[in-house]
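Listed below, chain by chain, are the residues.
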Amino acid sequence: MSTTAPTTRRPVAIAILLLVTGAVGLYASFRLVLDEFQKYENPQAVLSCDVSPFVNCSNVMASAQGHLFGFPNPLLGLMGFVAPIAVGVALLAGIRGAKWFWIAFNAGLFLAWVFVTWLFSQTVWFIGYLCPWCMLVWSMTIPLFWVFTIWNMARGTFGPGAQRIGKTLLPFCWAFPLANYLVIAVSILIVFPTVLSTL
Amino acid sequence: MSDNESKKARRNAARERAAAQRAKEKARKRRNKTLTISGIIVGSLAVVAVVVLVIANSIQPAGPGPKNMASDGIVLQGQNGKIVPVETKGIPEGGKPTATKQDDSVANITVYEDYMCPICNQFETGNMSQIKQWVQSGSATLEVHPFNLLDRSSLGSKYSTRSAAAAACVANYDPDAFLDVNTAFYENQPSEGTRGPTNAELASIAKDAGATNKNVASCITDQKFAGWVADATNRVLTEPLANSSLDKLTGTPTVIVNGKQYNATGTNAWTDADAFAAFVEQNGGAVKN
C-alpha cells in the first residue's frame, strides 16, 4: 500500500520557515552583539541603528531590561537561534524524532516568544525607544513560535485533541503571527504617534 | 467475452474518471473555503486594527489649547518697562494654531524647548536674564513653545509632557508668572533617566515661583493640557515652523531670531550670552541695553 507515503514526506515548508527565521534572527542577534562591543570601546559611539529621536538602539541596549540575566540579551539570541536552524536541517534530512524532542523544542520556542513579548512591552512602554535589530528579532521569533506550534499540534505531538485543532488551524497558521504583528504595530503607533513622520 | 471485458474496463474507467472529478471538485471546494475564511480573517484583523487606532487617536486630543498660546507658544513683550504676556484665545478643539504677527523692527526670539532637555537648561541659565532685559526695554519679544520630545527619558513618567502641560496651565491661568515658572522648572530639572517631579510637586514649584492663581494646581495635577502638548509636538515635528524657513523642528532647543535659527557651536556655546547677543544683533535685532 502507498498510504505511508504522505506521512514520510519531508515537511519542506516548515523546515524552510525554521531555517529562514533562525538565520535572520541569528544575524540580528549577531549585529546587536557587535554593537554592544562597539559601545564597550566607545560609549559615545553613534550606532548605525540610531536613526531618529524614537528609533535608537543605544538606549535600549544600555537599559536594565537589555541585561535581564546580567549579560546582554543578544547573547541568548546568538545561542538560541542555532536551535531552529539545526531542527530545520534535521527535518530536511528526514528526522522523525521522539515525542519529547518536539515537546522540548516547542517549549523552547514558547519561552523565546514570552521573552520577546516582554521585551516588546518594556521597550515600547517603559524604555520609550524602538531598536531596529531588536524588532527584527521579535519579528522572527513570532512566526517561528506560532506556526511551528500549530504544525506541531497538527502533527499529533500533543495528543489527538490538539491534533484535530492543529489540522483545522494549519491552513490559517499565518493569521496568528499576523495578528501578533498588528498588536505590536498598533501599540507602537499609539505610544509614538509621531514615529513615522520623524524617520 | 472480450466484449464483456471491454465493457467492464470502460465502466471502471468511467468510474475512476468520476471519482477523480469528485476529488477535484472536493479539493476545489476546500480551497475556496480556505480562501474565503482567510479573507474574512484578514478583513476582520484590519478592521480591528483601524478601529483601535481611531479610538486611541480620538481619546488623546482633549479639548481646546491653553489661553495666551494661540500660536502654540506664549509671547512676552515689553510694556512701560515691564514684561507682559500677549493675551490671546486658546486654540479651539480640533483647531489650528495662529502664527504670531511679528514686528520686524525688534528682535523676535522664538524658543522651542523641553523642560527635560539639558541644553535648553544651558540656554535658559546663560541667556534668560539678558533676554529679559531686552524684552523689558522693548527691543525684543520672546515666544516660548514648550513641547515633549524627550518623554522617553523619564522612565515612563513622561516628564516632558507633564512639565509642558504644567507650563500651559500657568500660561492659561496666570500668564504673568509664566517666565518665572519657566525658570523654576529649569532650576528643578531632573536628570535624564529619572522620573522627575510628580504633578503635585510641579504644582508646588509653580506656586512658589509666583503662579498663585487657585486654578493652576488642579490644572497641573489633572494634566488638563496634556492632549494639547501632544498635538503641539506633533505639529512642530511635522509642519513648517511659523515665522521661519524651517520645514520642521529638528532638535531641542530650537532658537529662532527673526526667522534665522541660532546654532551654537563650541562647548559652552549655549550658555554664551555674548555669542547670542551678537547673533541677535546680526539678524536685525536692535539690541541696546
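Reading guide: rules and limits
Residues numbered from 1 in each chain as written. Chains lettered and ligands numbered in written order. Predicted model: local features only at pLDDT ≥ 70, side-chain atom pairs only at ≥ 80, totals over all residues. Helix = DSSP H or I, 4+ residues; strand = E, 2+ residues; numbered from the N terminus. Buried ≥ 20, exposed ≤ 12 C-beta atoms within 10 Å, placed from the backbone. Contact = placed C-beta atoms within 7 Å. Nonpolar A, V, L, I, M, F, W, Y, C, P; charged D, E, K, R; others polar. Pairing = 2+ DSSP bridges. Axes fitted to C-alpha atoms, helices over the stretch in contact; angles between N-to-C directions. Parallel < 35°, antiparallel > 145°, perpendicular 65-115°, else oblique. Left-handed = near helix turned anticlockwise from the far one by under 90°. Core = buried A, V, L, I, M, F, W, Y, C linked by C-beta atoms within 7 Å. pLDDT = per-residue confidence, 0-100. Expected span 1.5 Å × (residues − 1).

Across its full length, chain A carries nine helices and zero strands. For chain A, the α and β elements follow one another from N to C terminus as α-α-α-α-α-α-α-α-α. Counting across all 199 residues of chain A, residues that qualify as buried make up 33%. Intrachain contacts of chain A at a sequence separation of at least 6 include 75% that bridge at least 24 residues.

Now for the interface of chain A and chain B. Every contact between the two is made by 18 residues of chain A and, on the other side, 19 residues of chain B. At the level of elements, α6 (99-127) and α9 (175-191) of chain A are the ones that each hand at least two residues to the side of chain A that touches chain B. For the side of chain A that touches chain B, the element with the most residues is α9 of chain A, which contributes seven residues. Grouping the constituent residues of the side of chain A that touches chain B by class yields 14 nonpolar, four polar and no charged.

Moving on, we come to unusual backbone geometry. Residue and element names in this part refer to chain B. For Asn68, which is not glycine, the phi torsion reads 65 degrees and is therefore positive. Mapped onto the secondary structure, Asn68 falls in the loop between α1 (2-59) and β1 (74-79). What makes Asn68 buried here is the crowd of 24 C-beta atoms within 10 Å. A positive phi angle is found at Gln223, which is not glycine, with a value near 55 degrees. Note that Gln223 resides in the loop between α6 (214-221) and α7 (226-238).

The next thing to look at is the pairing of strand β2 (residues 82-85) of chain B. Within a regular beta strand, the side chains point alternately toward one face of the sheet and then the other, so they alternate between its two faces. Residue and element names in this part refer to chain B. Both β1 and β2 contribute to a ladder of four bridges, which runs antiparallel. Pairing of Gln77 across the sheet is with Val84, part of β2. Following β1, the chain reverses through two residues before pairing antiparallel with β2; Asn80 in that reversal takes a positive phi of roughly 50 degrees.

This next bit is on the packing of helix α7 (residues 132-154) of chain A against helix α8 (residues 160-169) of chain A. Residues and elements named next belong to chain A. Remark: α7 packs on α8, axes separated minimally by 6 Å, with the N-to-C direction vectors making an angle of 125 degrees. The angle between α7 and α8 places the two elements in the oblique class. Like other packed secondary-structure pairs, α7 and α8 cross with a definite hand, here left-handed. Of the residues in α8, those touching α7 at Ile150, Met153 and Ala154 are Ala162, Gln163, Ile165, Gly166, Lys167 and Leu169. In terms of residue class, the contact of α7 with α8 is made up of six nonpolar, two polar and one charged.

Strands belonging to one sheet form pairs held by backbone hydrogen bonds; the direction of such a pair is parallel or antiparallel. Residues and elements named next belong to chain B. On the basis of which strands lie adjacent, the open sheet formed by six strands has the order β2-β1-β4-β3-β5-β6 and mixed pairing. Each edge of the open sheet is held by one strand with a lone partner, namely β2 and β6 (260-262). Put simply, the sheet's adjacent strands are angled 25 degrees from each other on average, direction ignored. Sheet topology note: the β1/strand β4 (residues 140-146) ladder contains three bridges and is antiparallel. Counted as the bridge partner of Val75 is Glu143 from β4.

We now examine the nonpolar core. Of all hydrophobic cores here, the largest spans 68 residues; its most connected members are Ala168, Cys169, Val170, Val181, Ala206, Val216 and Val229 of chain B. Residues within four places of Val216 of chain B in sequence aside, it is in contact with Cys169, Val170, Tyr173, Asp174, Ala203, Ala206 and Ala211 of chain B. Ile127, Trp133, Trp138 and Trp146 of chain A belong to the second largest nonpolar core, which has 38 residues in total.

Our next topic: the confidence of the model for chain A. All names here are of chain A. Per-chain confidence: chain A averages 87 in pLDDT, with 91% of residues scoring 70 or above. Across chain A, element-level confidence peaks in helix α5 (residues 82-92) with a mean pLDDT of 96 and bottoms out in helix α1 (residues 4-8) with 43. Residue range residues 1-7 is modelled with pLDDT below 50. Its contacts to residues more than four positions away, or to other chains, number zero contacts.

Once that is clear, we can look at the pairing of strand β5 (residues 254-257) of chain B. Residue and element names in this part refer to chain B. Side chains of β5 alternate between two faces, with Thr254 and Ile256 and Val255 and Val257 buried alike. Where strand β3 (residues 107-113) and β5 come together, four bridges link them in antiparallel fashion. Residue pairing for β5: Ile109 is matched across the bridge by Val257.

Residues and elements named next belong to chain A. Here α6 spans 40 Å end to end across 29 residues, near enough to the 42 Å set by a 1.5 Å rise per residue. In this fold, the buried residues of α6 make contact with α3 (58-62), α4 (74-80), α7 and α9. Gly128, located one to two residues past α6, shows a positive phi value of around 85 degrees.

Residues and elements named next belong to chain A. Viewed as axis vectors pointing N to C, α6 and α7 meet at an angle of 145 degrees, and their least axial separation amounts to 9 Å. α6 and α7 meet at a crossing whose hand is left-handed. Residues Trp102, Asn106, Leu109, Phe110, Ala112, Trp113, Val116, Leu119, Phe120 and Thr123 of α6 pack against Cys134, Val137, Trp138, Thr141, Ile142, Leu144, Phe145, Phe148, Thr149 and Asn152 of α7. Split by residue class, the contact of α6 with α7 holds 15 nonpolar, five polar and no charged.

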